[in-house]
Amino acid sequence: RKGCPQSPLSVGWGHAGLTQTAKGWRTTMGNDADEEFEEVDALSEDEDGFTYEEVSVDEEEDDDLLGDDDEDLETAMRSLHGLGGIAVGAAATMAPGPAPGEVTKRPEVLDDFVRNFLVRMGLTCTLEKFETEWYELAATGRLNKEDLGVVPDVYLYNQELNDTAVNLRRELDASKAITAKATSTWDKFRKERDFHRMHHKRVGQEKNKLLTDIKRLRKHYSQYEPTITELKRKYELAMKEKMLVRLERDRLLARVEAFESESTLALKSDASVPAAGPASVARASTIATHPSKPRTANGDASIPSSTRVNPYAAVKFEPVNVQAFQLNKTFKGHLMSVSNLALHPKKSILATASDDATWKMWDLPSGDLIMSGDGHKDWVAGVNFHPQGTHLASASGDCMVKIWDFAQKRCTVTFTEHTQAVWNAAFHDSGDFLASCSLDHSARLWDLHSNRCRVTFRGHVDSVNEVCWQPFTNNIATGSSDKTVSLWDMRTGLCAQTFYGHLNSCNHVCFNVRGDTIASCDADGLVKLWDVRMVGELLSVDCGPHPANKASFDRASETVAVASDDGSVKCFSTVDGRLVAELKGHEDAVQGVVFDPSGKFLVSCGSDSTFRLWS
């Protein structure tokens, strides 16, 4: 039975049986009382008190009862065989039974049907009540099993159909949900398709418009291209003539000044008294050497004449043998990266700037600390000595430029007009002006007499990373992240010339001692040499793939040292660009490099917080 425990009634009758004894048959009924049946004689007259009479049977009557014809044993056996054949034939004509091993489904009885229904519906209390009453009826014999048949097949079939309908409804609901989701997805894709189709049409219209504009501009440019080419050629010729005229003028002025000085000394020597002659000559020499600096009415320093002569223009120095340079000493100068350095113009003293917001002065070659400056609020990016060696300028990430007086041992002037970090500062050879460059896309000229900004050089479209003076002139060179090198006139504040050719940010620019060549390096490791008079590129050397941070000429202008981001200093010839020497020793990127003016050694600094002496 499915879903119900074993009936107590069936358990009680499960062990019933018959046992033969000496007196008769005993029936065993489980736990009930034993009943005995005794064998008696049916013809005995002792017990029931009934009188039985004997009936006589004649032989004729016996013959009538048995029949006229006698039958023997063989006839009886043949009759039995005939009846057996008929039974076998009837069984053969009936439906075949189940094959061996085949599972047949027996019809479900009524009580099992009720139990299964209650279990399926979860009616446990009702099931317990039903079980109790059913077993009670069965135990008391009030349950008539003849009235209880099997459940009709139609109910079972209806139940199966009901279950199938429920499953189909569930699948239908799931299909509806999937269909609704697919419909929403299809609507979304359709909207996206319409949007992209419209966007594609708009892009096509804009493309056609741009193509039309490009054709029109190309046609317009083709009309002006010959004129521009001719004007450029005339401009280059004019610039060349201008530089040649300026060189000739400087040469003639130098001769005139030499003649005048000789004439003045000759006249004074002739007119002086013998006893007082030496004192007068010394006094005249002192006045000539340190003339009083002229000033304007508002206290500003006067801009020097542009006709000054470069004393190193005609001097030839011996080239520095960088191939013999080796690492001499290493100095741990700062707590953080050493970003820049500068050499004293008159003494063997080195100044270093660091990301630890300090600058320091060191004696060379001993490496003893002379002085340090702590006043900036952020990293110090650049330092530069005054031409007289009495002051130091420092540029910092706190947007300030400070002037430090060695005699007073303190900061005497602070310039704060820059709006972003200041990368470097450089003194004019007269000592009256200071130029600075900043991240705010500008360079500024500071007057050290009136302590104010005289000129702001604007024209770069990105950070101005370096500024330097053309020796003994009023021109400033700047290198910018807009990939250009520009030459500015401090008198007008205008850009006199722009050099194009770098493909990445220009990190540094510098002049040689003669002032006729500019070296610039960029973030691709490319170093370029520019001819100032011819306004053209002289040489291009690839020191990549690592960025080139700084460049420096030797005193003979035949070798350029480049501070590379790969931890080495690369020295190449300015004539053919051949790599002369590669100095390796830094543990991190090299941030700065400078040659000694006497040509005896080279100093480099790097992100490993050290500066190193090569000689």
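Keep in mind that what you see is a predicted model, and the values were worked out from it rather than measured.

Turning our attention to the overall build of the protein. The helix and strand inventory of the protein stands at seven helices and 31 strands. Each of the 615 residues in the protein was classed as buried or not, and the buried ones make up 35%. Long-range pairs, those at least 24 residues apart, make up 46% of the contacts in the protein between residues at least 6 apart in sequence. Counting only carbon and sulfur atoms, one obtains 56% of the accessible surface of the protein, whose full area is about 38600 Å².

In the UniProt entry, the feature "repeat: WD" (unreviewed entry) is given for residues 331–372, 373–414, 415–456, 457–498, 499–533 and 583–615. Taken end to end, residues 499–533 is 0% helix and 57% strand, and its first and last C-alpha atoms sit 12 Å apart. Each end of residues 583–615 is marked by a C-alpha atom, and these two atoms are 11 Å apart; helix forms 0% of the span and strand 55%.

Attention now moves to the pattern of salt bridges. Two side chains carrying opposite charge are able to pair once their charged atoms lie near each other. Tallied over the full model, the rule gives 20 salt bridges. Note that Asp576 is salt-bridged to Arg578, the shortest N-O span being 3.8 Å. Classification of Asp576 by relative accessible area gives partly exposed; the value is 49%. Here Arg578 falls in the partly exposed class, since its relative accessible area comes to 46%.

What follows concerns the sheet that holds strand E6 (residues 349–354). Strand order in the open sheet formed by four strands is E5-E6-E7-E8, with antiparallel pairing between adjacent strands. Pairing within the sheet leaves two strands with one partner each, and these edge strands are strand E5 (338–343) and strand E8 (369–374). For this sheet the average axis-to-axis angle between neighbouring strands, irrespective of direction, equals 20 degrees.

Once that is clear, we can look at helix H5 (residues 124–140). For H5, spanning 17 residues, the distance from its first C-alpha to its last is 24 Å, which sits close to the expected 24 Å at 1.5 Å a residue. Leu127, Phe130, Glu131, Trp134, Tyr135 and Ala138 are the residues of H5 that are buried. The buried residues of H5 occupy one face: seen down the axis, they fall within an arc of 120 degrees. H5 presents Cys125, Glu128, Lys129, Thr132 and Ala139 as exposed residues on the side facing more than 90 degrees away from its buried surface. One or two steps after H5, the chain reaches Gly141, where phi turns positive at roughly 80 degrees.

The next point concerns the sheet that holds strand E11 (residues 401–405). Taken in spatial order, the four strands line up as E9-E10-E11-E12 in an open sheet, and their pairing is antiparallel. A strand with exactly one partner marks an edge of an open sheet, and here the two such strands are strand E9 (380–385) and strand E12 (410–415). Between one strand axis and the next, the sheet turns by 25 degrees as a mean value, whatever way the strands run. Two elements, E9 and strand E10 (residues 391–396), share five bridges in a ladder whose sense is antiparallel. From the neighbouring strand, Asn384 faces E10, where its bridge partner is Ala393.

A few words now on the packing of aromatic side chains. In the structure shown here, the tally under the stated rule is 11 aromatic pairs. Seen in terms of ring centroids, Tyr312 and Phe472 are 6.2 Å apart; in terms of plane orientation they differ by 50 degrees. Their pairing is tilted. Here Phe472 lies in the loop between strand E17 (464–469) and strand E18 (475–480) and Tyr312 lies in the loop between helix H7 (277–289) and strand E4 (327–332), a separation of 160 residues in the sequence. Look at Tyr312 and you get partly exposed, because its relative accessible area is 39%. Connected via pairs of aromatic rings, a cluster forms that spans Tyr312, Phe317 and Phe472.

About the thresholds
Residues numbered from 1 in each chain as written. Predicted model: local features only at pLDDT ≥ 70, side-chain atom pairs only at ≥ 80, totals over all residues. Heavy atoms only, no water. Helix = DSSP H or I, 4+ residues; strand = E, 2+ residues; numbered from the N terminus. Buried < 20%, exposed > 50% of the residue type's maximum accessible area, 1.4 Å probe, protein only. Contact = heavy atoms within 4.5 Å. Areas by Shrake-Rupley, 256 points an atom, 1.4 Å probe, with all protein chains shown as cover. UniProt positions renumbered as here; feature names shortened; annotations may be inferred. Salt bridge = Lys/Arg side-chain N within 4 Å of Asp/Glu carboxyl O. Pairing = 2+ DSSP bridges. Axes fitted to C-alpha atoms, helices over the stretch in contact; angles between N-to-C directions. Expected span 1.5 Å × (residues − 1). Arc of directions from axis to C-beta. Phe/Tyr/Trp six-rings, centres within 6.5 Å; stacked < 30°, edge-to-face > 60°.

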